[in-house]
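Report on the structure
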Amino acid sequence: MSFNKVNKSVKRIDAYEKVTGRAKYGADLKFAGMLYGKVLRTKYPHARILKIDIKKALEYPGVEAVLTARDVPNNQFGVIIRNQQVLAGKETFYIGDGVAVVAARTEEAAERALELIEVKYQELPGIYDPEEAMKEDADRVHKELPGNQVIHHPLRKGDIEEGFARADVILEREYTTQFVEHSYLEPEVVIAVPHEQNSLVTIYGSVQNPYATQNAVASVLQVELSRVRVIQNHLGGSFGGKDEVISSMAARAALLALKTNRPVKMVNSRDESILESYKRHPYRMKYKVGATREGKLVAMEIKAVADSGAYACQTPFVTWRSVVQATGPYEVPHVKTDTYGYYTNNIYTGAMRGYGSPQVIFAQESLMDELATELGMDPLELRLQNIYHNNSITASGQRLDNHKVSLKEVILKAVEASNYREKYAEYNKSQSGDKKRGIGMAISFRGCSLGAEAVDAAAAIIHIQKDGSLDLYSGLAENGQGLKTIFAQIAAEELGIDLDRINFMEVDTSIIPDSGSTVASRSTLIGGNAVRNAARKVKAIIAEFIEEEYGDEFGFKAKDLIFKDNRIYVAEGKDVGDIKEIISFKEMAGKAYNAGVLLSAYGWYKAPEISWDEETGQGNPYFTYVYGCQIAEVEVDTGTGEIEVLKMTAAHDVGRAINPANVKGQIYGGVMMGLGYAIMEELETEEGYIRNTNFDGYLIPTVRDMPEIIPVIVENPDPVGPYGAKSIGEPTLELGSAAIANAVFQATGRRIRSLPLNLERVLIGHSLSKGGNR
Amino acid sequence: MKITITVNGEKREVETTPSTRLLDLLRDDLHLTGTKEGCGKGECGACTVIMNGELVASCLVLSPQADGAEITTIEGLGTEEELDPIQEAYIEAGAVQCGFCIPGMVLASKKLLEENPQPDEGEIRRGLSGNICRCTGYQKIIDAVKLAAKKLAGTGKLAGAGKSRGKGGGR
Ligand code: FES
Ligand code: FES
C-alpha cells in the first residue's frame, strides 16, 4: 500500500507556535476582572475537622470569596466510584485534601487569606500500608464503606493445584514498586469563566480529559452537562495525570467563579502539584511460578495488592489492566491471580502512563529471569519457548487469532539490534575491576485502548470552508504526544490535501460529542478511525457533487475520482497512474458552497465487541494487542552501587506508524520515563506525609542520564486500526524497569526485587533508609 | 519601584516591587508568556532566559537584580517572517512534544552555540543539563542542537545573529 500523507514523518503541526513561545498554555491566559484562586490544604493526612473559621480571611483586603465544603452542592465526584471530595468537610483522608478555597484580586492576597483561615483539627490515626488496610480488624478509611477493599479482580484458568503438581521447579518471589509522580513539566492550571456566551461556566486549562472534567463539574454544581463547557488549551504534558486532580480543581474554580461572578484562575505551584495530585500505584506482588525442567511454564499464581490511597479514583481499572497483563505474554495452562486495590490514608493513586502494567511487568519479567537462572537456561531461550504466537490462548482465555501476534519477530529484531547474544555471553564471563556490565531484557503484550473498562468510541468533525481550507475537531485531546499531527495526516490522506490547509481545533465539549478520555494509548486507533470516518463521509459528498457537475461531460462516476495534491482527478487512459484533473479542491469547495452542498461531517468510531467475566477473569478483554521488547545494557559500579544505563534497545510493533518520527519520539520519551521509574524516581512518603515535593527532592532523568536509545519500529498492520495503526504511548514505558533489573543482575549477581533499584539495594541488597533513594 | 530593562532589544521601564520575580515581571507585566514556570526553584529550566549574556533561571531573579539588564526571551528569537535557525532545527528534528520545556531549551541551545558553535554530544549534554524535559527523552533535542549547529555554520550566521532584533516580537 502506498500513502501520500500517512506513514510519513511529517513535521508536527503545532511545533511552530511552541518554538516561538506563542502557544498559549493555561497559565498564559488572562480574562478581564480575573481573580486568583488558592487552596488551603489539610495539615494532617487523617484528621477530623472540628471547626473552620473564615471570617478574618473574608475581611482581608482584596478577598472576594472564601468557600468550604458547605458551599459545594455535591461534594463527591469520581469517574468510577464517586467518593472523592471536592473539599474536605468533616474529615481529611490524605495530605493533599483541600479544606477551603479563596478567590482574591491578587495572588498575594489569596495566599495571605489562606493563612487567616482558622481550622481546628483533631488528628486521627491513619492507615499507611495496604497490608494493614487488608486486616480484618483494620480501621476503615471510609466509615460508610464495609471495608477498605476498593476492588478484587480474580482470574482462574485451568487447575492451579494440578499445574503445580506437574512442575519440576517452583519459584516463589515477592516484588514491590513505589509511588511515582507524573512530573509533567507544566503544573496544573484551570480558569473558570462564569456566564461566558451561553454557558453557566466555561473551563479553560491544562485539561487532559475535557469530558471527564465537564462531567465532574456539572455533577458538583448539580447542573446539566450543556451548562458546563470545557475548552482545552495547549497542555504541558500529562501522562495520565491531569484528570481527577483537574476535575477537582475545575470544580473549585467554578464554584468561586459563580460565587464572585468573575473569572477565577487557579495555578498550582510545583509543590502544590506534587502534594495534591495522584500518583502511580505502588504494588506488592507475590508470584509463584511452576515450570518443567525443560523450561515449559505450567502454572502461575499471583497475588497483587495496589495502594489506592485515600480515594478509589482509577484503581478498579488500573488493577484490571494488571490482571490481563500479570502473567506476561506467555502460554500458561494453569493460572490463578488475585489483584486487589485497598484504601489507605496515603496520597491517592490513579492513571499514569502504563496504567497498572509497569508494576506487574517488573515482577513477572524479573521472575522469568530468576526462573532461567534456576533452570540454568538463557533467559532469551526460556522466553522464546513460552511466548504467545497466533492462536495462543491467553490467561484470560482469549484466543489470539484476529491480528498478527508478532512477539517473536519483535524479540528477534531487538536481539539483533542490541547484539544481545554476543553481549550476554561476554558479560557472563568474569569481569575485572569495580565496573561490571550486564544486559537484560523484558517483553510484553499490551491490550490496546480501553478494553472492557468502558464505552470505547470517539468522534471527529470535519468542516470544509468555502475556500477549501478545513477545520478538524476531535473529541480526543492533544496532550503533547502529537495527536493533532496524526489526525491531520489522516484527514489529509483521505481528502488528498496538504496539512497546511488543516486547522486543528482544540477540544470544546460544546461542539464535539463525548469521546471518552485521551488515555490507554487509544487516540490513534479509536480517534484516528473517527477522523477517517468523517473524512470519508465528506469525500463521498464531494465525489457525488463532482459527478453531478462533471460526470457527463468527462464520463466518470463518483467512485472513479482520485483525491490528491489538493486536486481531484479521474483516471484516464489505460496505464495506471494516468490521471486527468477535474477541479482543484479549493475551487470545488467554492462551487459546492454556491450549490448549497453541505461540506461537513461527523465521524464516529466504536471499537469492536469485547467481553469479560468479572467472576473468573475470563473473556476477550481487548480487541487487539501490541507487542514489545526492550533490552537494557548497564554498567554498575560495584564500589559505589551506581547504575549507569548505557543503552536501551526498544522494539515495538505499532501496527503501522502513521508518523514514524513521532513514534520514535514516543519511544525515546517512554524509555527515559521507564529509566526514571527503574533507577531514580520515588515519592517518599512517611505516615501519609510527602517528603519530596519539588524537583530538588524528586529526581527525574535529565539529559545526562540519557543512554543510547535504539528504537526499532515493527509494522504488522492491524485489521481494525486506521491504515493498520495501533498504539505506542504506553508500551514504551512498561518494559524498562525489568530489563534494567535483569541487566543489573547479570552485572552484579544481585537480584533486586524492589523499585527503584537504588544504590543501597545494589550494594547491600536492601534499602537503608525507609523509602529513600536519596 | 521602577526598573529599566531592555527586553528583546526594546528598552522598557517597569513599575514593580522588590520581591517580584523576573519571571512574573516578564509574564505578567510585559505579557511575554513564552517563558514558563515549572518549579519556581531553579530546578527545571522552563523559566530560562538570557540576561546580560548569561543563562538564568528567571524564577530565581528578583526584579531589582534585573535593573539595567539586557534580556532575551523566546519571543526575541527570529522574526515574524523568519525563524531563528535554532527554532527551525527544533521543528525539523521533531524535538517538540508538549512544548513546555522548549522555550528554555531553545535559549539554552542558543547560549551553548554562541559559545561553542560546534559542540560535541558531551558538550551538548552539559549545555542542556539545567533543563528538564519529561516528554522527549532528550534524544531529538540533542539532534536539534546538532542540526542547528550545522545550519548556523552553513549560513555563515553566528548563533547570535538575529538576536534581539524582534522589537519584542511575538507579543
Ligand atoms: S521555574 Fe525556574 S527553574 Fe523551574
Ligand atoms: S516537550 Fe514536554 S517537557 Fe519537553
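Predicted, not measured: the structure shown is a model, and the values here were computed from it.

1. Describing the overall build of chain B
On a plain count of helices and strands, chain B comes out with 5 helices and 5 strands. Taken from N to C terminus, the helices and strands of chain B fall in the order β-β-α-β-β-β-α-α-α-α. By the compact-globule yardstick of 16 Å for 171 residues, chain B fits well, its C-alpha radius of gyration being 15 Å. Burial analysis of chain B (171 residues in total) assigns 58% to the buried set.

2. Considerations on the domain arrangement of chain A
All names here are of chain A. For chain A, the assigned domains are domain 1 (15-22 + 457-606), domain 2 (31-124 + 188-267) and domain 3 (283-451 + 613-764). Relative to domain 3, the C-alpha centre of domain 1 lies at a distance of 38 Å. Where domain 1 abuts domain 3, roughly 1,500 Å² becomes buried across the two surfaces, and 58% of that area is made up of carbon and sulfur atoms. Looking only at domain 1, the three residues that lose the most surface to domain 3 are A520, S521 and L525, adding up to 37% of its buried area. Across the contact surface, domain 1 and domain 3 share 0 salt bridges. Summed over the shared surface of domain 1 and domain 3, the result is 7 residue pairs in polar contact (both at pLDDT 80 or more). Those elements giving two or more residues to the side of domain 1 that touches domain 3 turn out to be α14 (483-495) and α15 (523-554). In the side of domain 1 that touches domain 3, the residues fall into 7 nonpolar, 8 polar and 4 charged.

3. Concerning the pattern of salt bridges
Residues and elements named next belong to chain A. This structure, assessed with the given rule, holds 60 salt bridges over all chains. R446 is the salt-bridge partner of E730, the closest N and O atoms lying 3.0 Å from each other. Here the residue E730 occupies a position in the loop between β30 (708-714) and α18 (731-734), and R446 occupies one in strand β18 (residues 435-447), the gap between them amounting to 284 residues. Here the two residues E730 and R446 agree in accessibility, since each one is buried. E734 is the salt-bridge partner of R446, the closest N and O atoms lying 2.6 Å from each other. Of this pair, R446 sits in strand β18 while E734 sits in helix α18, and the two are 288 residues apart along the sequence.

4. What about the environment of A251 of chain A?
All names here are of chain A. One can find A251 in helix α7 (residues 244-260). For A251, a relative accessible area of 1% gives the class buried. Between the C-alpha atom of A251 and that of L87, which follows or precedes it by 164 residues, the distance is 9.8 Å.

5. Focus on the environment of G241 of chain A
All names here are of chain A. Tracing the sequence through the fold places G241 in the loop between β13 (228-232) and α7. A relative accessible area of 0% places G241 in the buried class. Expressed as a C-alpha distance, the spacing of G241 and S277, which sit 36 residues apart in the sequence, is 7.6 Å. Setting aside its immediate chain neighbours within four residues, G241 contacts H182, Y184, Q208, Y278 and A351.

6. Quick notes on the interface of chain A and chain B
Counting residues at the interface gives 49 residues for chain A and 44 residues for chain B. Both faces considered, chain A and chain B share a buried interface measuring about 4,000 Å² in area, 58% of it formed by carbon and sulfur atoms. Of the charged contacts, one joins D696 of chain A and K41 of chain B as a salt bridge, the two residues approaching to 3.0 Å between their closest N and O atoms. If you list the elements that add at least two residues to the side of chain A that touches chain B, you get α1 (15-19) and α17 (660-679) of chain A. Per-element tally for the side of chain A that touches chain B: the top contributor is α17 of chain A, with 8 residues. When the residues that make up the side of chain A that touches chain B are grouped by side-chain class, the tally is 22 nonpolar, 13 polar and 14 charged.

7. Some remarks on the side chain of R270 of chain A
Its location among the elements puts R270 of chain A in helix α8 (residues 270-276). Excluding anything up to four places from it in sequence, R270 of chain A contacts E181, S183, Y184, L185, E186, P187, T693, N694 and F695 of chain A together with G38 and C39 of chain B.

8. Let's talk about the sheet that holds strand β1 (residues 2-7) of chain B
Residue and element names in this part refer to chain B. Reading across from one edge, β2-β1-β5-β3-β4 is the order of the 5 strands in this open sheet, with mixed pairing throughout. The open sheet has two edge strands, β2 (10-15) and β4 (54-57), and neither has a second partner. The sheet shows a mean angle of 40 degrees between the axes of neighbouring strands, taken without regard to direction. Direction of pairing for β1 relative to β2: antiparallel, over a ladder of 6 bridges. Bridge pairing in β2 places I3 opposite V14. Taken strand by strand, helix α3 (residues 102-115) contacts β3 (48-51), β4 and β5 (70-72), and its axis lies near 35 degrees from that of β3.

9. Focus on the packing of helix α2 (residues 85-92) of chain B against helix α5 (residues 139-155) of chain B
When two helices pack together, their arrangement is captured by the angle between the axes and the distance separating the axes. All names here are of chain B. With their axes 8 Å apart at the nearest point, α2 and α5 run at an angle of 135 degrees to one another. Put simply, α2 runs oblique to α5. Crossing geometry of α2 relative to α5 is assigned as right-handed. Residues P85, I86, E88, A89, Y90 and E92 of α2 lie in contact with α5, whose contacting residues are I141, A144, V145, L147, A148, K151 and L152. Its residues assigned to classes, the contact of α2 with α5 comprises 10 nonpolar, no polar and 3 charged.

10. Points about the packing of aromatic side chains
Residue and element names in this part refer to chain A. One pass over the structure, following the stated rule, counts 20 aromatic pairs over all chains. Aromatic ring contacts, followed pair by pair, group W320, Y388, F445, W612, Y622 and Y625 into a single cluster. Over the ring of Y677 we find R280, and its NZ or CZ is 5.0 Å from the ring centre. One cation-aromatic arrangement involves R532 over Y723; the distance from NZ or CZ to the ring centre is 4.0 Å.

11. Focus on the domain arrangement of chain B
Residue and element names in this part refer to chain B. When the domains of chain B are assigned, the result is domain 1 (2-76) and domain 2 (85-157). The C-alpha centroid of domain 2 is placed 21 Å from the C-alpha centroid of domain 1. Contact residues are listed per partner, giving 17 residues for domain 1 and 12 residues for domain 2. Roughly 1,200 Å² is buried in total at the junction of domain 1 and domain 2, and carbon and sulfur atoms are behind 67% of that figure. The tally of links from domain 1 across to domain 2 stands at 1 salt bridge. Measuring nitrogen to oxygen at the nearest pair gives 3.9 Å for the salt bridge that ties E54 to K111. The interface formed by domain 1 and domain 2 holds 4 residue pairs in polar contact (both at pLDDT 80 or more) in total. Among the elements of the structure, β3 and β4 are those that each provide at least two residues to the side of domain 1 that touches domain 2. The greatest single-element share of the side of domain 1 that touches domain 2, amounting to 3 residues, is contributed by β3.

12. So, α7 of chain A
Relative to the 24 Å expected for 17 residues at 1.5 Å per residue, α7 of chain A spans 24 Å between its end C-alpha atoms, a close match to the ideal helical length. Of the residues one or two after α7 of chain A, N261 of chain A is the one with positive phi, at around 60 degrees.

13. Considerations on the sheet that holds strand β9 (residues 149-157) of chain A
Residues and elements named next belong to chain A. Taken in spatial order, the 5 strands of this open sheet run β9-β17-β16-β15-β10, and their pairing is mixed. Across the chains shown, the open sheet's two edge strands, defined by having one partner strand only, are β9 and β10 (169-176). The average angle at which neighbouring strand axes cross in this sheet is 5 degrees, direction not considered. Two elements, strand β15 (residues 283-291) and strand β16 (residues 297-309), share 9 bridges in a ladder whose sense is antiparallel. Directly across from G290, in β16, lies its bridge partner A299. With respect to the sheet, helix α9 (residues 315-325) is in contact with β9, β15, β16 and β17 (334-343), its orientation differing from that of β9 by roughly 20 degrees.

14. Remarks on the nonpolar core
Buried together is how nonpolar side chains tend to be arranged in soluble globular proteins. Among the nonpolar cores identified, the biggest contains 208 residues, and Y287, I740 and L757 of chain A together with Y90 of chain B are the most heavily contacted of them. Residues within four places of Y90 of chain B in sequence aside, it is in contact with V19 of chain A together with A95, V96, I102, M105, V106, S109, I141, A144 and V145 of chain B. If you look at the next biggest cluster of nonpolar residues, it comprises 54 residues, including A488, F504, A592 and Y723 of chain A.

15. Describing the environment of A257 of chain A
All names here are of chain A. Take A257: it is sitting in helix α7. When the C-alpha atoms of A257 and V703 are compared, they prove to be 41 Å apart, with 446 residues separating the residues in sequence. The contact partners of A257, leaving out residues within four places of it in the chain, are A192, P194, R262 and V264.

16. Focus on the pairing of β1 of chain B
All names here are of chain B. If you look at the hairpin formed by β1 and β2, you'll find 2 residues sitting between the two strands, and N8 has a positive phi there, around 50 degrees. When β1 meets β5, the two strands line up parallel, connected through 2 bridges. Each bridged residue has a counterpart across the sheet, and for V7 the counterpart in β5 is I71.

Criteria and thresholds
- Residues numbered from 1 in each chain as written.
- Chains lettered and ligands numbered in written order.
- Predicted model: local features only at pLDDT ≥ 70, side-chain atom pairs only at ≥ 80, totals over all residues.
- Heavy atoms only, no water.
- Helix = DSSP H or I, 4+ residues; strand = E, 2+ residues; numbered from the N terminus.
- Rg over C-alpha atoms; globule rule 2.2 N^0.38 Å.
- Buried < 20%, exposed > 50% of the residue type's maximum accessible area, 1.4 Å probe, protein only.
- Domains from an automatic or database assignment.
- Buried area = accessible area lost by both parts, 1.4 Å probe.
- Salt bridge = Lys/Arg side-chain N within 4 Å of Asp/Glu carboxyl O.
- Polar contact = N/O pair within 3.5 Å; in protein donor to acceptor, adjacent residues only side chain to side chain.
- Nonpolar A, V, L, I, M, F, W, Y, C, P; charged D, E, K, R; others polar.
- Contact = heavy atoms within 4.5 Å.
- Pairing = 2+ DSSP bridges.
- Axes fitted to C-alpha atoms, helices over the stretch in contact; angles between N-to-C directions.
- Parallel < 35°, antiparallel > 145°, perpendicular 65-115°, else oblique.
- Left-handed = near helix turned anticlockwise from the far one by under 90°.
- Phe/Tyr/Trp six-rings, centres within 6.5 Å; stacked < 30°, edge-to-face > 60°.
- Lys NZ or Arg CZ within 6 Å of the ring centre and 35° of its normal.
- Expected span 1.5 Å × (residues − 1).
- Core = buried A, V, L, I, M, F, W, Y, C linked by side-chain atoms within 4.5 Å.

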